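Here's the letter readout for the chains.
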Amino acid sequence: MHFVTAILSGSALLAGLAAAQTVQSKPFNLIVENAQNKSINGLGFASCHEGAAIESLCLGYDKATFYLNTTQGGQSGVTGDGVPGVLNWNLKGSNFVESEGMSFFVDPSTNVALPLFEPAYQSQYVAFDGKDLMNIQSYLDDTKSPPNSEQARALYRWYVCNSNFEGYVYQTLNWVLGNGKPQNPSCQKVDIKRVFI
Ligand SMILES: *[C@@H]1O[C@H](CO)[C@@H](O)[C@H](O)[C@H]1NC(C)=O
Ligand SMILES: *[C@@H]1O[C@H](CO)[C@@H](O)[C@H](O)[C@H]1NC(C)=O
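Because the structure is predicted, anything quoted here is derived from the model rather than measured.

Student: Got a sec to walk through the environment of Leu87? Specific residues and values, please.
Tutor: By the secondary structure assignment, Leu87 is in strand S6 (residues 85-92). Assessed through its relative accessible area of 1%, Leu87 is described here as buried. When the C-alpha atoms of Leu87 and Phe117 are compared, they prove to be 8.8 Å apart, with 30 residues separating the residues in sequence. When residues no more than four places from it in sequence are discounted, the contact partners of Leu87 are Phe28, Leu30, Phe66, Tyr67, Leu68, Glu100, Gly101, Met102, Phe117, Val126 and Met134.

Spelled out as structure tokens, the structure:
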């Protein structure tokens, strides 16, 4: 009897886990805030073609619709910050809609990483804080010796830069790897705010 109960509760648990999966947020725009260059504050990000089913987030007056997918029951590593998840955008064709997650394109020549929406790539998780500012949580701190990974921090290393991805040049959202200055001279430091539609 106990054995049967154990099996039943085990499968109930599995069914519960299977049901408790992705939660998609309400749709939102991403808006530039706190830029030193006031002329770009308030601008949004559209999606710009960078190759077949590959899009960057390019600065402008058009505002694309984004979502955050989190896992139900997911937890934030940082007090006051939201649960990290996959930033995603819908690629719409004539007869399909494909939800694409954001990942970073990283080239060894530069410390400036380019966020791209691509199909079925491993995504770079992001979170939104109490002011709806987008950040990335990281446990790793290798600026100290020995490097430690005990305490998560929310990082805000967003820049608007002229990027060149395989010949496509746009003014895009970028992320600077590490705590140094971007080597790309066009980069302007910004905060990125989520505004629900
Ligand atoms: C401010 O941003 C605009 C748009 O990107 C750019 O054309 C201009 O050069 C920038 N000004 C400064 C001082 O960075
Ligand atoms: C985000 O969640 C929605 C709803 O569950 C799902 O249809 C979509 O495929 C997800 N997108 C990604 C990139 O995981």
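That was the structure; now back to the text.
Student: So, the pattern of salt bridges: which residues are in play, and what are the values?
Tutor: A complete count under the given rule lists two salt bridges for this structure. In this structure, Asp132 and Arg194 form a salt bridge, with 2.8 Å as the shortest nitrogen-oxygen distance. Taken together, the residues Asp132 in the loop between strand S9 (125-128) and strand S10 (134-138) and Arg194 in strand S15 (residues 191-196) connect sequence positions 62 residues apart. Residue classification places Arg194 among the buried residues on the basis of a relative accessible area of 14%. With a closest N to O distance of 2.8 Å, Asp141 and Lys144 form a salt bridge.

Student: Break down the site of ligand 2 for me, citing the residues and quoting the values.
Tutor: Neighbouring residues of ligand 2: Thr22, Gln24, Asn69, Asn88, Ser99, Glu100 and Gly101. Here Asn69 contributes a side-chain N or O atom positioned 2.3 Å from an oxygen atom of ligand 2. Interatomic distance of 2.7 Å between a side-chain N/O atom of Ser99 and a nitrogen atom of ligand 2. Coverage of ligand 2 by the protein amounts to 54% of the 360 Å² it exposes when considered alone. Listed by contribution, the elements that provide at least two residues to the shell around ligand 2 are strand S1 (22-24) and strand S7 (97-105). It is S7 that contributes the most residues to the shell around ligand 2, three residues altogether. Residues of the shell around ligand 2, tallied by class, amount to no nonpolar, six polar and one charged.

Cut-off values and rules
- Residues numbered from 1 in each chain as written.
- Chains lettered and ligands numbered in written order.
- Predicted model: local features only at pLDDT ≥ 70, side-chain atom pairs only at ≥ 80, totals over all residues.
- Heavy atoms only, no water.
- Helix = DSSP H or I, 4+ residues; strand = E, 2+ residues; numbered from the N terminus.
- Buried < 20%, exposed > 50% of the residue type's maximum accessible area, 1.4 Å probe, protein only.
- Contact = heavy atoms within 4.5 Å.
- Salt bridge = Lys/Arg side-chain N within 4 Å of Asp/Glu carboxyl O.
- Near = heavy atom within 4 Å.
- Polar contact = N/O pair within 3.5 Å; in protein donor to acceptor, adjacent residues only side chain to side chain.
- Areas by Shrake-Rupley, 256 points an atom, 1.4 Å probe, with all protein chains shown as cover.
- Nonpolar A, V, L, I, M, F, W, Y, C, P; charged D, E, K, R; others polar.

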